Amino acid sequence: MNIAVFCSGNGSNFQAIADAVKRGAIREASLALMVCDNPQAFALERAKKEGIKSLLVERKNFGAKAEYEAEIIKSLEQEKIDLICLAGYMRLISPEFAKKYKYRILNIHPALLPAFKGGQGIKDALDYGVKVTGVTVHFVDEEMDHGPIILQRSLYISQEDTEDSLAGQIHEIEHQLYPEAIKLYAQGKLQIEGRKVRIT
Ligand code: GRF
């Protein structure tokens, strides 16, 4: 099974997935491609260092979103990608793209969905004053941060936590949870029944 990871920034989740594949923790999968929309992203350097092919596609070089996504799809088809993992990819995918790859796109979100959707899940949870937050890995559908949930893991927020300290703990969980979810997918262990994902 060939995986593509989509990134826009640091790429620590990309790294965690690459490391998991490298150490044989996801034997069924090979990390074939990293797609990136930001020329400044550290994720690009990580891919280079890991010897993983990367595709830099900048949105500003295309007119309609469909043209931008067509360029990405061309590479996904060339590399025979079976599964797309969004990992800090800061763009909304189009409904058409979501439909084309239905149940073949995963996302990781730094909060317990459906709470704190959007680009600032960690800060929003902290500012709201919740005592428990966490990480969600879910299938992607046409709505942002919405598709069926595969795995969630929670953590307590302490009174001393800052955005930085909380982000550190969240990322640590993410780096375990995303490879776990990918492994379940690659082993064919995820059965989708409406909004529910049964792990077989
Ligand atoms: C992660 O917190 C992820 O949950 C969110 O974006 C962040 C990406 O971090 N979607 P990184 O680029 O993988 O380090």
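Quick caveat: nothing in here was measured; it's all calculated off a predicted structure.

Participant: Could you clarify how one ought to interpret the overall build of the protein in this entry?
Facilitator: A count of helical and extended segments in the protein gives 6 helices and 9 strands. Since a compact globule built from 200 residues should have a radius of gyration of about 16 Å, the 16 Å found for the protein is in line with a globular shape. The dimensions of the protein, computed from C-alpha atoms along their principal axes, are 50 × 40 × 35 Å. Across the 200 residues in the protein, those meeting the buried criterion constitute 49%.

Participant: Would you mind showing me how to read empty space enclosed by the protein here?
Facilitator: Enumeration according to the criterion identifies 1 cavity of 30 Å³ or more in this entry. Volume-wise, the largest cavity comes out at about 40 Å³. What lines the largest cavity is simply Ala 98, Lys 99, Lys 102, Tyr 103, Phe 139, Val 140, Asp 141, Glu 142 and Pro 148.

Participant: Explanation requested: the packing of helix H1 (residues 12-22) against helix H6 (residues 163-186) in the structure shown.
Facilitator: Two measures define how a pair of helices packs: the angle their axes make with one another and the distance between the axes. It is the contact of H1 with H6, at a shortest axis distance of 9 Å, that shows an interaxial angle of 55°. Between H1 and H6, the angle is such that the two are oblique. The way H1 lies across H6 gives a crossing that is right-handed. Residues Ser 12, Asn 13, Ala 16, Ile 17 and Ala 20 of H1 form the contact with H6, whose own contacting residues are Glu 174, His 175, Tyr 178, Pro 179 and Ile 182. Tallied by class, the residues present in the contact of H1 with H6 amount to 6 nonpolar, 3 polar and 1 charged.

Participant: Just to check I follow, could you spell out the site of the ligand for this structure?
Facilitator: In the neighbourhood of the ligand, the contacting residues comprise Asn 10, Gly 11, Ser 12, Asn 13, Gly 88, Ile 108, His 109, Pro 110, His 171 and Glu 174. Contacts to the ligand include Ser 12, whose side-chain N or O atom sits 2.5 Å from an oxygen atom. Computed on the free molecule, the ligand has an accessible area of 370 Å², of which 84% lies beneath the protein chains in the complex. Of the pockets mapped on this structure, the ligand occupies the largest pocket.

Participant: I tried to follow H6 on my own but got confused; where do I start?
Facilitator: At 3.6 residues per turn, the α-helix brings residues three or four places apart onto the same side. Under the 1.5 Å per step criterion, the end-to-end length of H6 is 33 Å for 24 residues, consistent within 8% with the ideal 34 Å. Positive backbone phi, at 70°, marks Gly 188, one or two positions downstream of H6.

Participant: Just to check I follow, could you spell out the pattern of salt bridges for this structure?
Facilitator: Where charged atoms from two side chains of opposite charge approach closely, those side chains can pair. Taken as a whole and assessed by the stated rule, the structure comprises 10 salt bridges. Here Lys 53 and Glu 79 are joined by a salt bridge, their closest N and O atoms 2.7 Å apart. Of the two residues, Lys 53 sits in the loop between helix H2 (42-50) and strand E3 (54-56) while Glu 79 sits in the loop between helix H3 (65-78) and strand E4 (83-86), which places them 26 residues apart along the sequence. Overall, the relative accessible area of 48% leaves Lys 53 in the partly exposed class. With a shortest N-O distance of 3.1 Å, Arg 198 and Glu 193 are connected by a salt bridge. Given the relative accessible area of 47%, Arg 198 is considered partly exposed.

Participant: I would appreciate a short explanation of the layout of surface pockets in the present structure.
Facilitator: Left-over empty space is what a probe sized like a water molecule reveals as it rolls over the atoms. Roughly 840 Å³ of volume is contained in the largest pocket. Every residue lining the largest pocket is counted, 34 residues in all, and those nearest its centre are Ala 87, Gly 88, Tyr 89, Met 90 and Ile 108. Among the elements of the structure, H1, strand E5 (105-109), helix H5 (121-128) and H6 are those that each provide at least two residues to the lining of the largest pocket. Split into classes, the residues belonging to the lining of the largest pocket amount to 12 nonpolar, 16 polar and 6 charged.

Participant: Help me out: how do you make sense of H2 in this one?
Facilitator: Along H2, the residues that are buried comprise Ala 43, Leu 44, Arg 46, Ala 47 and Glu 50. All buried residues of H2 fall inside an arc of 160° around its axis, so they share one side. Turned more than 90 degrees away from the buried face of H2, the exposed residues are Glu 45, Lys 48 and Lys 49. The elements touched by buried residues of H2 are strand E1 (2-7), H1, strand E2 (30-36) and E3. Positive phi shows up at Gly 51, right after H2, with a value of about 70°.

Participant: Would you mind going over the sheet that holds E1 with me for this structure?
Facilitator: Note on sheets: strands pair through backbone hydrogen bonds, and any given pair is parallel or antiparallel. Strand order in the open sheet formed by 7 strands is E3-E2-E1-E4-E5-E6-E7, with mixed pairing between adjacent strands. Single-partner strands in this sheet number two, and they are E3 and strand E7 (149-156). When strand polarity is set aside, the average angle formed by the axes of neighbouring strands in this sheet is 15°. Here 4 bridges tie E1 to E4, and the two strands are oriented parallel to one another. Among the inter-strand pairings, Ile 3 is bridged to a residue of E4, identified as Leu 83.

Calculation rules
- Residues numbered from 1 in each chain as written.
- Predicted model: local features only at pLDDT ≥ 70, side-chain atom pairs only at ≥ 80, totals over all residues.
- Heavy atoms only, no water.
- Helix = DSSP H or I, 4+ residues; strand = E, 2+ residues; numbered from the N terminus.
- Rg over C-alpha atoms; globule rule 2.2 N^0.38 Å.
- Buried < 20%, exposed > 50% of the residue type's maximum accessible area, 1.4 Å probe, protein only.
- 1 Å grid on protein atoms, 1.4 Å probe; cavity = no way out; pocket = protein on both sides within 12 Å on 5 of 7 lines; lining within 4 Å.
- Points joined across faces, edges and corners; volume = space filled by probe spheres on them.
- Axes fitted to C-alpha atoms, helices over the stretch in contact; angles between N-to-C directions.
- Parallel < 35°, antiparallel > 145°, perpendicular 65-115°, else oblique.
- Left-handed = near helix turned anticlockwise from the far one by under 90°.
- Contact = heavy atoms within 4.5 Å.
- Nonpolar A, V, L, I, M, F, W, Y, C, P; charged D, E, K, R; others polar.
- Near = heavy atom within 4 Å.
- Polar contact = N/O pair within 3.5 Å; in protein donor to acceptor, adjacent residues only side chain to side chain.
- Areas by Shrake-Rupley, 256 points an atom, 1.4 Å probe, with all protein chains shown as cover.
- Sits in = over half its atoms within 2 Å of the grid points.
- Expected span 1.5 Å × (residues − 1).
- Salt bridge = Lys/Arg side-chain N within 4 Å of Asp/Glu carboxyl O.
- Arc of directions from axis to C-beta.
- Pairing = 2+ DSSP bridges.

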